[in-house]
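# Close look at the chain arrangement
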Amino acid sequence: MTLPLPSQGNLVGIVFLIQILVTITGAFIAVNSERLIRSVAGVIVCFIGVAGLYFFLNSPFVAMMQILIYVGAVAITISFAIMLAAPEEYKSRGPANILVGPLGIISAALLFIGLAYLAIHTEWPVHAKINSGSVEVIGTHLLTSYAMVFELISIVLLVAILGALVLARRGRSN
Amino acid sequence: MEILNLYNSLNAYLLVAALLFAMGIYGLVTHRTLIGMLISAELILCGASLNFMAFNRFTAPDPAVGQIFALFIMAIAAAEAAIGLSIVIAIYRNYKTIDAEDLVKLNG
C-alpha cells in the first residue's frame, strides 16, 4: 500500500509552508539566542526563507539579490564585526533590567496584533497589471523613471564605504 | 485544501511580514549588544521589504515598482550595516565593550 503522491498544486503549498516555517524559525533564533554568532546564523536562515517567499511572489530576481546581498554581504560583514569586536565568553543578554523581557514581549505582541488586524480587516483594492514585472521591465524602469534614485543610491553607497573606512581606521595605530 | 492554497493569499504574506517586524522590535528591545540590535534592525527592514513585495504582487498595477523599492531597501540596509558596524568597531576600540548598558560616559 502506497501513500497517495501530492499533486502539483499541493506540493507548491507544502513548499510555501516550509518557507514560512524556515523564516519564522530563523527570526526566532536570531532574536532569542544567547550568543551573537548564533543570532547571525539565525538571521541567515531567516533571509533564505524570505528569499523563498520572494520567489513565490513572482520575483526571482529580487530573491537572488536577497541571497546575494543579505546572506553574501551583510551577514558576512556582521560576522567579521563579531570576530573583531565581541569579547570572549560574552552573553548577549542578561539581567540588565527585569522589566525588559516582559515589556518587550508585550510591545511586540501589541504591534503584531495591530498589524495583523489591519491586514485582515482591510479591503485592499486590486488593480489590473500593466506589465509583467520581469527583469527587463525592472531594468528599463531603473534607467528611465528611477534613474535619479539609482544615481542617488550609488552616491549613498559610495559615501557609506568611505565613511566606514574612515571610522574603522581611526585609532588603529594605538 | 485551504491551507495549501495559502501562497495565493495576500494575508499570509502580510502576517509573516508583521511577525518579522514584531520579532525585530522585540530583539531591538531585549538585545544588550550593539551588534544584536543591528541584527534586529535587519529583521525589521526585511519585514518592511516583504510587505512591499506582497502588495506589489497582489494589488499594485505596475509589478516592477515594488521590486525596485525592495532593491533600494536592500542597498540602504547594506550601507546601514557597513556604517553601523564600523561605528561598533570604533566604540569597541575606545571602550573595550559593545554592551549598550556600559556606554554611559555622557550620563553624568
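These notes cover the structure that comes with them. Along each chain, residues carry numbers from 1 onward, in the same order as the chain's sequence is written. Lettering for chains starts from A, numbering for ligands starts from 1, and both go in the order in which the items are written. Residue-level local features of this predicted model are given only where pLDDT is at least 70; pairs of side-chain atoms are given and counted only at 80 or more, and the full residue set underlies all totals for whole chains, interfaces and linings. To get the side-chain values, all heavy atoms of the structure are used, and hydrogens and water are removed first.

## Some remarks on the overall build of chain B
Looking only at helices and strands, one finds 3 helices and 0 strands in chain B. To qualify as a helix, a DSSP run of H or I must reach at least 4 residues; to qualify as a strand, a run of E must reach at least 2; elements of each kind are numbered from the N terminus. Helices and strands appear in chain B in the N-to-C order α-α-α. Here the globule rule is a power law, 2.2 Å times the number of residues to the power 0.38, and the radius of gyration is based on C-alpha atoms. In terms of overall size, chain B is more extended than a compact globule, its C-alpha atoms giving a radius of gyration of 18 Å where 108 residues would be expected to give roughly 13 Å. The principal-axis extents of the C-alpha atoms in chain B amount to approximately 60 × 30 × 20 Å. Relative accessibility under 20% of the residue-type maximum defines a buried residue, over 50% an exposed one, and the middle range a partly exposed one, all with a 1.4 Å probe and only protein chains included. Out of the 108 residues in chain B, the part that is buried amounts to 58%. Roughly 4,200 Å² of accessible area belongs to chain B as shown, and the carbon and sulfur atoms make up 65% of that amount. The Shrake-Rupley method, run with a 1.4 Å probe sphere, supplies the accessible areas, and residue values consider only the shown protein chains as cover.

## Focus on the interface of chain A and chain B
Taken together, the contact between chain A and chain B spans 89 residues of the former and 73 residues of the latter. Surface buried jointly by chain A and chain B totals about 7,100 Å² across both partners, of which 78% is contributed by carbon and sulfur atoms. Criterion for a salt bridge: a side-chain nitrogen of Lys or Arg within 4 Å of a carboxyl oxygen of Asp or Glu. Across the contact surface, chain A and chain B share 0 salt bridges. Here a polar contact is recorded for every N or O atom pair within 3.5 Å, except that within protein the pair must consist of a potential hydrogen donor and a potential acceptor, and residues adjacent in sequence are included only if both atoms are side-chain atoms. The interface formed by chain A and chain B includes 9 residue pairs in polar contact (both at pLDDT 80 or more). Of all the elements in the fold, those that place two or more residues in the side of chain A that touches chain B are α1 (8-32), α2 (36-56), α3 (60-85), α4 (100-120), α5 (135-143) and α6 (147-169) of chain A. In this analysis, two residues are considered to be in contact whenever any of their non-hydrogen atoms come within 4.5 Å of each other. Throughout, the accessible surface (probe 1.4 Å) given up by two parts as they are put together, summed over both, is called the buried area.

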